[in-house]
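Chain by chain, the residues:
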Amino acid sequence: MAETKILLSESEIPARWYNIAADMPNLPGPPLNPATGEPIGPEALAAIFPMALIEQEVSRERWIDIPEEVRELYRMWRPSPLFRAHRLEKALDTPARIYYKYEGVSPAGSHKLNTAIPQVYYNKAAGIRRIATETGAGQWGSALSMACQFFGLECTVYMVKVSYQQKPYRRILMQTFGAEVLASPSDRTQAGRAILAEDPNSLGSLGIAISEAVEDAATRADTNYALGSVLNHVLLHQTVIGLEAKLQMEKAGHYPDVVIGCCGGGSNFGGLAFPFLHDRLTKGTNVRAVAVEPEACPTLTRGAFAYDFGDTAKLTPMMQMYTLGHTFVPAGIHAGGLRYHGDSPLVSQLYHDSIVEAVAYNQTAVFEAAIQFARAEGIVPAPESSHAVRAAIDEALRCKESGEAKTILFGLSGHGHFDLAAYESYLSGSLHDVPLSDEALTQGLASLPRVGV
Ligand SMILES: *Cc1c(COP(=O)(O)O)cnc(C)c1O
């Protein structure tokens, strides 16, 4: 039987990140000043980001060196394993070959540490002492807290209040790594106080928490802001996933027909898919890349391709992306990491140009796949990652119908050990689908700024 676990040695950790901007037929439009609507230059971002990350954000260089100190820390858990899902294939009785790249082996439990480490590294190199950020379900906050601890920086995390109340373990994990964790909206910032004045019982949203963290960073010289997804430099850092996966697939002797990843802000999907899309864009291979999102927050499949703010308070630059509108607050599905109104501009442009595909699922179908995967493979996937599991299983079932022995590669972005309450809710039959209504969609899209481009 073919190998189950395809491993690489530490020396095979990539030495360079892959920047897909070098190969894209069309680039997303430039970020725009939130107040004037004019394109902003790199210097406008310098209040909240170190110059090295701003340079990566706008870079068109195809390959960008990974600093040795970052590779050193990557060694803690990288290269991550690639698994052949023999037992799942058997359970599905499919002729398809199913592989998955598992990022849950990171000490923070997800792919987020791949970018948290370089982001803190470049901030420290720029003389920054403290980082402010937001977190939804807590994965990004945990990864950033750990990275800040490693480099000796302080970390303040604005955690969406509903998660703060419902997910104490992620909060405790962040505090264990030394972070200060505030429930957002908080009274620490003007943005937070404004929301609380309107609605003292606000449960918060990612958009609100981003406003608070950006304001915190912009108003303190010793503090910068860090974002765990969406931005070009974040997707760049995540390409270590796909670069390793390419080597591993080569060792396994198969090239994927389709690469699948769950998509919130697009970072684990882009990180896995972009190095394969490099082949498609430069060598004309026809590998498919499929982004999977929740029906409750269907940014690519039902959103608009338009300029929008990244946050509720309109503090961030406007970015050209697929969006449901910056005032949109998605239903409280368990895949907290996929509850964002916007999406990566790079992924958005590629979707707009039909280079990537997208599909959306309701959460009961997602948990059904998660349970099937856990029982076959012995790994409990994060609710976010389970969206990719659902799509991979459906692809394999289509192969069963057609008799095609396709090769499917999907990203398992994290484990679900902190999400067992969600599993309990599914197992006890109390989990319900919350697809987005047309009214809520229209209402969210009505908040799009009018930008004359
Ligand atoms: C944050 C998170 C996601 C969603 O973010 P992307 O930027 O779209 O990858 C997906 N899976 C896990 C495990 C996460 O922590």
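Here the structure is shown first, and the text comes after it.
Throughout what follows, the structure given in this document is the object of discussion. (Residues numbered from 1 in each chain as written. Predicted model: local features only at pLDDT ≥ 70, side-chain atom pairs only at ≥ 80, totals over all residues. Heavy atoms only, no water.)

## A look at the pattern of salt bridges
If you walk through the whole model with that rule in mind, you get 24 salt bridges. In this structure, the salt-bridge partner of glutamate 244 is arginine 78, at a minimum N-O distance of 2.8 Å. A residue pair is termed long-range when its members are at least 10 positions apart, and glutamate 244 in helix H10 (residues 232-252) and arginine 78 in the loop between helix H2 (68-74) and strand E4 (82-84) qualify at 166 residues. Here the two residues glutamate 244 and arginine 78 agree in accessibility, since each one is buried. Close ionic contact of arginine 288 with glutamate 357 constitutes a salt bridge, the shortest N to O distance being 2.9 Å. (Salt bridge = Lys/Arg side-chain N within 4 Å of Asp/Glu carboxyl O. Helix = DSSP H or I, 4+ residues; strand = E, 2+ residues; numbered from the N terminus. Buried < 20%, exposed > 50% of the residue type's maximum accessible area, 1.4 Å probe, protein only.)

## So, the pairing of strand E13 (residues 318-323)
Judged by how many residues are buried, E13 sits mostly within the fold: 6 of 6 residues are covered. Sheet analysis places strand E12 (residues 304-309) next to E13, joined by 6 bridges and oriented antiparallel. Directly across from tyrosine 307, in E13, lies its bridge partner glutamine 320. (Pairing = 2+ DSSP bridges.)

## Observations regarding the sheet that holds strand E9 (residues 223-225)
Pairing is parallel across the open sheet formed by 4 strands, whose spatial order is E8-E7-E6-E9. Lying at the two open borders of the sheet, with one neighbouring strand each, are strand E8 (180-184) and E9. Strand-to-strand, the axes of this sheet are offset by a mean angle of 25°, without reference to chain direction. With 6 bridges connecting them, strand E6 (residues 130-135) and strand E7 (residues 154-160) associate as parallel partners. Note that in E7 the partner of isoleucine 131 across the bridge is cysteine 155. Sitting on the sheet, helix H5 (residues 139-151) touches E6 and E7, and the angle it makes with E6 is about 165°. (Axes fitted to C-alpha atoms, helices over the stretch in contact; angles between N-to-C directions. Contact = heavy atoms within 4.5 Å.)

## Some remarks on the site of the ligand
Around the ligand, the surrounding shell holds 18 residues, and the nearest of these are Lys112, Ser229, Gly264, Ser267 and Asn268. Contact between the ligand and glycine 266: an oxygen atom at 2.9 Å from a main-chain N or O atom of the residue. A distance of 2.6 Å is found between an oxygen atom of the ligand and a side-chain nitrogen or oxygen belonging to serine 267. In isolation the ligand exposes 390 Å². Once the protein is present, 97% of that is buried. Within the residue set of the shell around the ligand, elements represented by two or more residues are helix H11 (267-283) and helix H15 (383-402). (Near = heavy atom within 4 Å. Polar contact = N/O pair within 3.5 Å; in protein donor to acceptor, adjacent residues only side chain to side chain. Areas by Shrake-Rupley, 256 points an atom, 1.4 Å probe, with all protein chains shown as cover.)

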